[in-house]
Amino acid sequence: MILIVAEHAGGKLGKATLEMVTAAREAGREGPITLLVLGQDVAAVATEAAAVADQVLVGDLPALAQYNPEVWAAAVAQIAREGEANTVLIGGSRSGREYAPRVAVKLDAPYLEDATKLSVNGNALQAQRYTYLARVTETVEAEGPVIVVTVKPGSFAPAAPASAAGEQYDIELDLPTPRTEITGKSVEKTSRVALTEADVIVTGGRGVGSPENFAQYVEGLADNIGAGVGATRAVVDAGWRPYAEQVGQTGKTVQPKAYIALGVSGAVQHLSGMGKSKNIIAINKDAEAPIFKVADYGIVGDVNQIVPALIAASKK
Ligand SMILES: Cc1cc2nc3c(=O)[nH]c(=O)nc-3n(C[C@H](O)[C@H](O)[C@H](O)COP(=O)(O)OP(=O)(O)OC[C@H]3O[C@@H](n4cnc5c(N)ncnc54)[C@H](O)[C@@H]3O)c2cc1C
């Protein structure tokens with residue numbers, strides 16, 4: 001069985017889960033694609049998960065109401081062992097990268113981190129990942145009865161529903177009492193769609209000129225068309241925008257249907273985070289800017305002139 005740990009929030013299945021299902025389908029390892037849903041009151045998530053998986057295992061317990069690395073690692077390792085999983089896929093989120101190595105240790109399994117592509121090579125599982133500032137793509141290979149992999153968010157297209165919904169099963173878990181707990185959490189409130197979930201992203205680079213222009217052009221356009229907001233590292237380093245919006249090698253990897261880059265040069269470290277977007281639309285005053293090498297549609301011009309016209313058009 002291929003075990004995928006579902007990511008979900010607010011009672012909804014995360015896009016990262018659908019991406020991992022695609023990764024599992026592409027990897028072609030043997031066995032049913034099995035989604036493991038851990039949490040409390042997760043019936044709706046499990047139903048959503050059933051649409052894309054061969055089967056869904058549901059651990060719905062008060063002890064799982066809040067993520068904890070010790071608890072998650074124990075639960076995932078137990079289910080992987082009981083189901084004789086040959087592959088365990090975990091989202092490469094901050095928490096996923098935290099507990100996945102613990103799962104690997106518990107299973108005495110090899111661990112492949114940050115996979116952007118998966119395939120089989122005989123008995124081995126091959127993964128691609130970026131290294132050296134994303135200038136190098138390296139291929140790593142692991143063999144063993146079970147292999148633990150984290151999947152870099154945004155690296156695979158979200159899976160379409162399977163032809164038939166998978167069966168759902170409740171599972172019994174033998175959970176440890178964790179030694180650490182999260183004692184507080186403050187969630188930034190925003191009505192804007194999250195970057196990794198967005199179908200459309202508007203990203204601003206240094207070319208937009210100032211934090212005020214960023215608010216007017218990038219946020220203005222994004223809000224009119226229901227898009228997420230992204231930023232380049234130059235903009236984040238300058239303190240114009242929070243790190244959470246950074247797209248690129250040291251920021252988020254995204255793969256929206258449309259990526260609108262305003263005043264973004266298209267440095268290799270930025271491209272490694274958004275280069276797989278379905279449609280890339282770039283506005284840059286320099287016709288030689290590298291962003292045009294990957295853009296599907298490009299406008300050579302000044303954002304100060306073009307973006308206000310786009311915002312006006314998008315209001316109609
Ligand atoms: C280890 C490492 C990791 C990195 N990680 C990341 C990362 O995760 N994400 C990331 O983005 N970068 C990353 N970088 C930085 C990256 O190399 C670039 O410096 C950065 O992406 C450039 O940002 P920019 O395109 O906004 O700015 P610039 O390179 O300054 O480009 C601005 C662009 O705007 C255009 N422009 C200027 N004025 C206008 C105008 N009025 N109208 C239209 N266009 C205009 C210019 O022609 C230019 O192309 C990393 C670098 C290193 C070394």
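An unreviewed UniProt entry lists the chain under the name Electron transfer flavoprotein subunit alpha, with Deinococcus aerophilus as the source organism. UniProt annotates the chain under Sequence similarities (unreviewed entry) with the comment "Belongs to the ETF alpha-subunit/FixB family."

**Student:** How should the packing of helix α5 (residues 211–225) against helix α9 (residues 303–315) be read in this particular structure?
**Tutor:** If you want to describe how two helices pack, look at the angle between their axes and the distance between the axes. One can describe the packing of α5 onto α9 by two numbers: an axis separation of 9 Å at closest approach and a directional angle of 30°. Between α5 and α9, the crossing angle belongs to the class labelled roughly parallel. In the crossing of α5 with α9, the sense of the turn from one axis to the other is left-handed. Facing α5, whose interface residues are N213, Q216, Y217, G220, L221, N224 and I225, α9 presents V303, N304, V307, P308, L310, I311, S314 and K315. When the residues that make up the contact of α5 with α9 are grouped by side-chain class, the tally is eight nonpolar, six polar and one charged.

**Student:** It is not clear to me how the site of the ligand should be interpreted in this structure. Could you clarify?
**Tutor:** Lining the immediate surroundings of the ligand are 26 residues, of which R206, T232, T250, S265 and Q269 lie closest. Within the backbone of R206, an N or O atom sits 2.7 Å from an oxygen atom of the ligand. Contact distances for the ligand include 3.3 Å between an oxygen atom and a backbone N or O atom of G251. Its free accessible area being 990 Å², the ligand has 77% of it covered by the protein chains. Mapped by element, the contributors of at least two residues to the shell around the ligand are α6 (233–237), α7 (268–274) and α9. A breakdown of the residues in the shell around the ligand according to their chemical character gives six nonpolar, 15 polar and five charged.

**Student:** Which parts of the structure should I look at to understand the packing of helix α3 (residues 69–82) against helix α4 (residues 94–107)?
**Tutor:** For the pair α3 and α4, interaxial distance at closest approach is 8 Å and the crossing angle is 45°. In terms of axis orientation, α3 runs oblique to α4. In the crossing of α3 with α4, the sense of the turn from one axis to the other is right-handed. Of α4, the residues touching α3 (which contributes P69, E70, W72, A73, A74, V76, A77, A80 and R81) are E98, Y99, R102, V103, K106 and L107.

**Student:** Before we go on, may I ask you to explain the environment of G209 in this structure?
**Tutor:** The topology assignment puts G209 in the loop between β13 (200–204) and α5. For the pair formed by G209 and V303, sequence separation is 94 residues and the distance between their alpha carbons is 9.1 Å.

**Student:** Explain the side chain of T116 to me, please; I cannot follow it from the model alone.
**Tutor:** By secondary structure assignment, the location of T116 is in the loop between β7 (111–115) and β8 (117–121). Once residues within four sequence positions are removed from consideration, T116 is found in contact with Q128, R129, Y130, K152, S155, F156 and K276.

**Student:** Would you mind going over the packing of aromatic side chains with me for this structure?
**Tutor:** A ring pair, where both rings are aromatic, is described by two values, the distance of the centres and the angle of the planes. If you walk through the whole model with that rule in mind, you get two aromatic pairs. Ring pairs connect the aromatic residues Y67, W72 and Y99, which therefore count as one cluster.

**Student:** Just checking my understanding: could you explain the sheet that holds β7 for this structure?
**Tutor:** Strands pair in a sheet through their backbones, by hydrogen bonds, and they do so in one of two ways: parallel or antiparallel. Here seven strands make up an open sheet; going across it, the order is β7-β11-β6-β1-β4-β5-β12 and the pairing parallel. For this open sheet the edge positions go to β7 and β12 (167–170), each flanked by a neighbour on one side alone. Adjacent strand axes in the sheet meet at a mean angle of 20°, parallel and antiparallel pairs treated alike. Two strands pair when backbone bridges link them, and strand β5 (residues 55–60) and β12 are joined in this way by four bridges, in the parallel orientation. Opposite V56, over in β12, you have Q168 as the bridge partner. Sitting on the sheet, α3 is in contact with β1 (2–5), β4 (33–39), β5 and β6 (87–91), with an inclination near 150° to β4.

Here is what the cut-offs are and how they apply
- Numbering of residues begins from 1 in every chain and follows the order in which that chain's sequence is written.
- Selection of residues for local features in this predicted model requires a pLDDT of at least 70, selection of side-chain atom pairs for listing and counting requires 80 or more, and totals for whole chains, interfaces and linings are taken over all residues.
- By convention in this description, side-chain values take in all heavy atoms of the structure and omit both hydrogens and water.
- UniProt positions are given in the numbering used here, feature names are shortened, and annotations may be inferred rather than shown by experiment.
- With axes taken as lines fitted to C-alpha atoms, and helix axes fitted only over the stretch in contact, angles between N-to-C directions fall between 0 and 180 degrees.
- Secondary structure counts use DSSP, requiring at least four H or I residues in a row for a helix and at least two E residues in a row for a strand, with both numbered from the N terminus.
- Note that the term roughly parallel is reserved for angles under 35 degrees, roughly antiparallel for angles over 145, roughly perpendicular for angles of 65 to 115, and oblique for everything else.
- Should the near helix be turned anticlockwise from the far one by less than a right angle, the crossing is left-handed, and should it be turned clockwise, the crossing is right-handed.
- By definition, residues are in contact when any of their heavy atoms lie within 4.5 Å.
- For this scheme, ten residues count as nonpolar: Ala, Val, Leu, Ile, Met, Phe, Trp, Tyr, Cys and Pro. Four count as charged, namely Asp, Glu, Lys and Arg, and the remainder, Gly too, count as polar.
- When at least one non-hydrogen atom of a residue lies within 4 Å of a molecule or strand, that residue is treated as near it.
- What qualifies as a polar contact is a pair of N or O atoms within 3.5 Å, subject to a donor-acceptor requirement within protein and to the restriction that residues adjacent in sequence count only when both atoms come from side chains.
- Shrake-Rupley sampling with a 1.4 Å probe provides the accessible areas, and residues are treated as covered by the protein chains on show and by no other component.
- The pairing test for Phe, Tyr and Trp rings, Trp by its six-membered ring, is centres within 6.5 Å, and the orientation test on the planes gives stacked under 30 degrees, edge-to-face over 60, and tilted for anything in between.
- Should DSSP find at least two bridges between two strands, the strands are regarded as paired.

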